[in-house]
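The chain contents come next:
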Amino acid sequence: MMKHPRTGRPHLRTVSITGVGSYLPARVLTNQDLEKMVSTTSEWIMTRTGIEQRRIAAPDEATSDLAFLAAKRALHDARITPDQVELIIVATITPDMLFPSTACLVQQKLGAHRAAAFDIEAACSGFIYALDIAAHFVQSHTYDTVLVIGAEKMSSVIDWKDRNTCVLFGDGAGAAVLQNRPTAHGLLTTCLGADGTKATLLDMPGGGSACPASVESVEKRMHFLRMDGKETFKNAVNAMVSAATEALDRCGLSISQIRCVIPHQANQRIISAVGERLGATEEQVFVNVAKYGNTSAASVAIALDEAVRTERIRRGDLVLMVVFGAGLTWGAAIIEW
Ligand code: UT7
């Protein structure tokens, strides 16, 4: 089998991202708004996280609605119609409901009748996990056109009385269309990882089979996200640096060859630490955490769309995406745009 000139691995079918799109709900929640809700200050939030504001979905807007609007934009960008989509993968930890999957609800909203559909759950790493799964379907000739979406209504699982977490997250969705384009550039590599021994660092204990909803589970606030911020921070930096390094090594690339690094947007201090340890310049690292906060599985998908639209990424550029989330999970992907 032919070897890929850059990765040295067997040359599978090229997988290109042929369209991207994102959707952010209209309502803006500022740090000043949060000062009126919990004991915090805008200054604390800014200096500890870099977040200035986040978007909050309307009460009648569910994750599938955010996902649908991002997907519509990505299909338009790829110049394809919904009936050309053969598979929809939604990465989310805030599905509309436990079942059916949010992907099936998006399929119906889009009218993508031919598409198979399922959700995956890898928390904030979900988009890169979904991208990897989707790429394998395209590489193996199972499908030619796959729609990958990262979408979250984090505001639905936030404890608005917990200042440790409620200032950090926001709602939104980002989508990408993956297709085989024999003459185009594409995904060079993906690396995924997980560590279930640290599952309790960041979790939501209620509502699943281990702790179904009950009066007690509601009273104990078990249907909200919980996080050990300090430990999560340390693990995030280490895991993102090693995932990115592994991806670069696999492709025989150095960080200076990467035009744009798109890290998971959880905290400006995490992003800066990862950038520094990788040896990336500030100009190389894409940051929009100030505007949207941590949108979990949607984070790098939204950032990718914004980077393309603002021409931070142009055709032929090398792009490194790197993520980290609950599980613990992490991952990195390198794309030749
Ligand atoms: O997407 C998945 C990955 N998620 C992450 O990567 C998030 C990782 N963690 C973080 O981003 C940071 O750990 C936080 C932003 C959550 C916290 O920053 P920190 O520098 O680690 O602060 P800390 O946990 O050490 O807390 C310092 C103090 C505490 O007070 P005491 O105990 O020192 O008196 C907190 O109670 O800050 C207090 N604090 C706040 N004060 C004002 C915590 N939240 C707030 C707040 N406003 N919103």
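Presented here is a report on the structure given in the accompanying data block. Along each chain, the written sequence defines residue order, and numbers are assigned to residues from 1. The predicted nature of this model means local features are confined to residues of pLDDT at least 70 and side-chain atom pairs, given and counted, to a pLDDT of 80 or more, with totals for whole chains, interfaces and linings taken over all residues. Side-chain metrics in this entry use all non-hydrogen atoms of the structure; hydrogen atoms and water are not considered.

## Regarding the site of the ligand
Residues in close proximity to the ligand total 22 residues, the closest being Thr40, Cys124, Lys230, Asn267 and Asn294. Between the ligand and Arg48 there is a distance of 2.9 Å, counted from an oxygen atom to a side-chain nitrogen or oxygen. In this structure, an oxygen atom belonging to the ligand sits 2.7 Å away from a side-chain N or O atom of Asn267. Burial of the ligand by the protein amounts to 76% of the accessible area it has alone, namely 950 Å². Any residue with at least one heavy atom within 4 Å of a molecule or strand is counted as near it. Identification of polar contacts relies on pairs of N or O atoms within 3.5 Å, with a donor-acceptor requirement for protein atoms, meaning one able to donate a hydrogen and the other able to accept it, and with residues adjacent in sequence counted only if both atoms are side-chain atoms. In these tables, accessible area is a Shrake-Rupley quantity obtained with a 1.4 Å probe, and a residue counts as shielded only by the protein chains included in the view.

## Observations regarding the side chain of Thr49
Structurally, the position occupied by Thr49 is in helix 2 (residues 42–49). Here Ile51 takes part through its backbone nitrogen, which lies 3.0 Å from a polar atom of the side chain of Thr49. Residue contacts are counted whenever heavy atoms from the two residues lie within 4.5 Å of one another. In contact with Thr49, other than residues within four places in its own chain, are Trp44, Leu168, Asn267, Gln268 and Val289. Helix and strand labels come from DSSP, where a helix needs a run of H or I of at least four residues and a strand needs a run of E of at least two; each type is numbered from the N terminus.

## Regarding the sheet that holds strand 11 (residues 260–263)
If DSSP finds at least two bridges between two strands, the strands pair. Across the sheet, which stays open at both edges, the 4 strands sit in the order 8-13-12-11 with mixed pairing between neighbours. Among the strands making up the open sheet, the edge pair consists of strand 8 (187–194) and strand 11. Between one strand and the next, the sheet's axes are offset by a mean angle of 10°, whatever the strand orientation. By the bridge criterion, 8 bridges tie strand 12 (residues 318–325) to strand 13 (residues 329–336) in an arrangement that is antiparallel. Residue pairing for strand 13: Met321 is matched across the bridge by Ala333. Simply put, an axis is a line fit to the C-alpha atoms, just over the touching stretch for a helix, and the angle between two N-to-C directions goes from 0 to 180 degrees. Packed onto the sheet, helix 8 (residues 229–251) meets strand 8, strand 11, strand 12 and strand 13 and runs at close to 145° relative to strand 12.

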